[in-house]
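Notes for the structure review
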Amino acid sequence: MKTWKTLDSEYIVQSPFGNVRRDKCELPNGNIIDDFYVNEYSDWVNAIVITKEKKVVLVKQYRQGAKDFFTEIPGGMIEEGETYEAGILREVQEETGFTSDDPPVLLGEFMVNPAEQNNKVHTFLISNAYLGFHQHLDENEDIEIEVIDLEMMKKRIEQGKLTQLFTVTAYSIAVARGLV
């Protein structure tokens, strides 16, 4: 197997939310793809947040790409100069008001969609969380918080009611490692 060769590249969109780049590529077999679109994003962080009472902290919000509401684990983009650990603690606090005195535990680093995106998501477990703050949402966020039992989360996944991939993945890894 060989890599593709980029013959030309130009930005179609550049914004604070991400960039769209159009590449002209030559495949190893000589075929040319004139319009291959790549979505460039910053790395993301997310976390399965478990309270001191062994409940899961989830967020519900509208997602324009799917044009629907999704219940998922909290997360977002890291800020410039911020570590992934600091970024997830900040995101959880801003979105939910929850925090923890325990350091986040890295569950894994995953390519989001390597066929068309360049970024990773860094998934953490935050244990012994407690409500220590009020939500501090930015102007583009409208988030409802839901705190549920671990058993209810398992049931919702099994029933197909929690369908966001990173939420299911974080829960599954934490369970498989015996962390929840």
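The residue numbering used here restarts from 1 in each chain and proceeds along that chain's sequence as written. Local features in this predicted model are restricted to residues of pLDDT 70 or higher, and side-chain atom pairs are both shown and tallied only at a pLDDT of 80 or more, whereas totals for entire chains, interfaces and linings draw on every residue. For side-chain calculations, the full set of non-hydrogen atoms in the structure is used, while hydrogens and water are omitted.

Worth spelling out the cut-off: UniProt positions are given in the numbering used here, feature names are shortened, and annotations may be inferred rather than shown by experiment.
An unreviewed UniProt entry annotates the protein as NUDIX domain-containing protein of Pontibacillus yanchengensis. Of the protein, the UniProt comment under Sequence similarities (unreviewed entry) reads exactly: "Belongs to the Nudix hydrolase family." Word for word, the UniProt comment on the protein under Cofactor (unreviewed entry) is "Mg(2+)".

1. Here's the deal with the packing of aromatic side chains
Definition in use: In this analysis, rings of Phe, Tyr and Trp, with Trp reduced to its six-membered ring, are considered paired at centre separations within 6.5 Å, and the interplanar angle assigns stacked below 30 degrees, edge-to-face beyond 60, and tilted for intermediate values. Each helix corresponds to a stretch of at least 4 residues labelled H or I by DSSP, and each strand to a stretch of at least 2 residues labelled E; elements are numbered beginning at the N terminus. Using a 1.4 Å probe on the protein chains alone, a residue whose accessible area is under 20% of its type maximum counts as buried, one over 50% counts as exposed, and one in between counts as partly exposed.
Tallied over the entire structure, the rule returns four aromatic pairs. For the pair W4 and F36, a centre-to-centre distance of 5.4 Å together with 85° between the ring planes defines the contact as edge-to-face. Taken as a pair, W4 in the segment before β1 (5-15) and F36 in strand β3 (residues 32-40) lie far apart in primary sequence, 32 residues in all. Considering the side-chain rings of Y41 and W44, the 6.1 Å spacing of their centres and the 45° angle between planes classify their relative orientation as tilted. Residue classification places Y41 among the partly exposed residues on the basis of a relative accessible area of 28%. By relative accessible area, which is 23% here, W44 ends up partly exposed.

2. A closer look at the pattern of salt bridges
Between side chains of opposite charge, a pair can form as their charged atoms come close. We count it as follows: Here a salt bridge means any side-chain nitrogen of Lys or Arg lying within 4 Å of a carboxyl oxygen belonging to Asp or Glu.
For the structure shown, the criterion picks out twelve salt bridges. A salt bridge links R21 to E40; the shortest N-O distance between them is 2.6 Å. Of the two residues, R21 sits in strand β2 (residues 18-26) while E40 sits in strand β3, which places them 19 residues apart along the sequence. In this pair, the class of R21 matches that of E40, namely buried. Its salt-bridge partner being E82, residue R90 comes within 2.7 Å of it at the nearest N-O pair. Take R90: its relative accessible area is 14%, and that puts it in the buried class. A relative accessible area of 18% places E82 in the buried class. Connected via shared salt-bridge partners are E79, E82, R90, E91 and E94.

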